Amino acid sequence: SLSRTDVGMRIPSILLVPDANNASHLLALCECGQPHVSQHSPNTGCDICSKISKDGGTTWSELSVVVKNSSQPTPVYDTARKQVLLNFNGAPHCMTELGSCGFNMQMKSADGGK
């Protein structure tokens, strides 16, 4: 599971990612970090984290930080290019006193998120 007692976690997602040998693994991603300042402006202590399961979710890898100081992960698997795409908000999260979010970013993984 994606639980950690020392940080808050939100926006969970999970992908079933095919491997080259016709097997597959689960890739779980979420936003993990300190509690949010408000519902409209997450603080800059948030990171995007992941875990991988190769046995259908029975056991999971250790929690890994994928992107520091980022939020709102939205992963998809691109079957045509056989890669994981991760869309997210980059830091700084709160660029003005109005609390507008930072810029949108995308990263890709050709190894299934490993």
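Predicted model only: the values in this text are computed from it and were never measured.

Calculation notes
Residues numbered from 1 in each chain as written. Predicted model: local features only at pLDDT ≥ 70, side-chain atom pairs only at ≥ 80, totals over all residues. Heavy atoms only, no water. Core = buried A, V, L, I, M, F, W, Y, C linked by side-chain atoms within 4.5 Å. Buried < 20%, exposed > 50% of the residue type's maximum accessible area, 1.4 Å probe, protein only. Helix = DSSP H or I, 4+ residues; strand = E, 2+ residues; numbered from the N terminus. Contact = heavy atoms within 4.5 Å. Pairing = 2+ DSSP bridges. Axes fitted to C-alpha atoms, helices over the stretch in contact; angles between N-to-C directions.

Comments concerning the nonpolar core
So, step 1. Core analysis: the largest hydrophobic core is formed by ten residues, namely Leu15, Val17, Leu27, Leu29, Ile48, Ile52, Val67, Val84, Leu86 and Phe88.
So, step 2. Of all the secondary-structure elements, those providing two or more residues to this core are β1 (8-18), β2 (24-33), β3 (47-53) and β6 (83-89).
So, step 3. The biggest single contributor to this core is β6, with three residues.
So, step 4. Not counting residues up to four positions away in its chain, the partners in contact with Leu86 are Leu29, Ile48, Val66, Pro73, Thr74, Pro75, Met105, Gln106 and Met107.

Quick notes on unusual backbone geometry
So, step 1. Positive phi, normally seen in glycine, also occurs at Ile11, with a value near 55 degrees.
So, step 2. Relative to the helices and strands, Ile11 resides in strand β1.
So, step 3. Judged by its relative accessible area of 29%, Ile11 is partly exposed.
So, step 4. Phi at Asn69 takes a positive value of approximately 55 degrees, unusual for a residue other than glycine.
So, step 5. As for its position among the elements, Asn69 is in the loop between β4 (64-67) and β5 (71-78).
So, step 6. Note on Asn69: relative accessible area 36%, which makes it partly exposed.

As for the pairing of β3
So, step 1. Most of β3 sits inside the fold, with seven of its seven residues counted as buried.
So, step 2. Residues of β3 alternate between two faces, with Asp47, Cys49, Lys51 and Ser53 on one and Ile48, Ser50 and Ile52 on the opposite face, all of them buried.
So, step 3. One ladder, built from seven bridges, connects β2 with β3; its direction is antiparallel. Note that in β3 the partner of Leu26 across the bridge is Ser53.
So, step 4. Pairing analysis gives three bridges linking β3 to β4, with the strands arranged antiparallel. Across the sheet, Cys49 pairs through a bridge with Val65, a residue of β4.

Remarks on the sheet that holds β5
So, step 1. Strand order in the open sheet made by the three strands is β5-β6-β7, with antiparallel pairing throughout. Unpaired on one side and paired on the other, β5 and β7 (104-109) mark the two borders of the sheet. Neighbour-to-neighbour, the strand axes of this sheet turn through a mean angle of 20 degrees, independent of strand direction.
So, step 2. Bridging between β5 and β6 involves six bridges; their strand directions are antiparallel. From the neighbouring strand, Pro75 faces β6, where its bridge partner is Leu86.

The values reported here are purely geometric and, on their own, carry no functional implication.
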